[in-house]
Amino acid sequence: MPKITFITATGESIIAEGTSGSVMELAKQYNVSGIDGDCGGVCSCATCHVHVAPADFNKTGAASEIEADMLELDDNVIKFSRLCCQIEVSDAVDGVTLTVPG
Ligand code: FES
């Protein structure tokens, strides 16, 4: 089963396992602090912003154009930023580490 590690703004590390749905939904399931998913996963709120570990960025891929537009509104954007509702849980992202910006 794909495993995803979330690191919260306070440094807590949460290892989540799931087989389907979005990474945002998985984070909610595991009560990852800082991932709110206010818009329900339709790429219109940026409350699911994460920083992908640079070494894992090839697994998640870069943000889509719509996603990048939404990210521009967020202060803590880096080049490894993604909105995790736009990442599907699958074997492709097994082992990635995502940090919730402070
Ligand atoms: S949950 Fe709203 S943009 Fe991801």
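First things first, this report covers the structure right here in the doc. For clarity, every value in this text was computed on a predicted model and none was experimentally measured.

The next subject is the sheet that holds strand 2 (residues 13-17). Pairing in this open sheet of five strands is mixed, and the strands run 2-1-5-3-4 from one edge to the other. Every interior strand has two partners, whereas the edge strands, strand 2 and strand 4 (81-83), have only one. For this sheet, the mean inter-axis angle between neighbouring strands, taken without regard to orientation, is 35°. Inspection of the sheet shows strand 1 (residues 3-7) paired to strand 2 by five bridges, in the antiparallel sense. Pairing of Ile7 across the sheet is with Ser13, part of strand 2.

With the rule as written, the count across this model stands at one aromatic pair. Ring geometry for Phe57 versus Phe80: centroids 5.1 Å apart, planes at 85°, classification edge-to-face. Highlighted residues: Phe57 in helix 2 (residues 57-60) and Phe80 in the loop between helix 3 (65-71) and strand 4, separated in sequence by 23 residues.

Positioned with a positive phi, Cys43 is a non-glycine residue whose angle comes to about 60°. We note that Ala46 has phi near 65°; this positive angle belongs to a residue other than glycine. Within the fold, Ala46 resides in the loop between helix 1 (23-29) and strand 3 (49-52).

Definitions and limits used
- Residues numbered from 1 in each chain as written.
- Predicted model: local features only at pLDDT ≥ 70, side-chain atom pairs only at ≥ 80, totals over all residues.
- Heavy atoms only, no water.
- Pairing = 2+ DSSP bridges.
- Helix = DSSP H or I, 4+ residues; strand = E, 2+ residues; numbered from the N terminus.
- Axes fitted to C-alpha atoms, helices over the stretch in contact; angles between N-to-C directions.
- Phe/Tyr/Trp six-rings, centres within 6.5 Å; stacked < 30°, edge-to-face > 60°.

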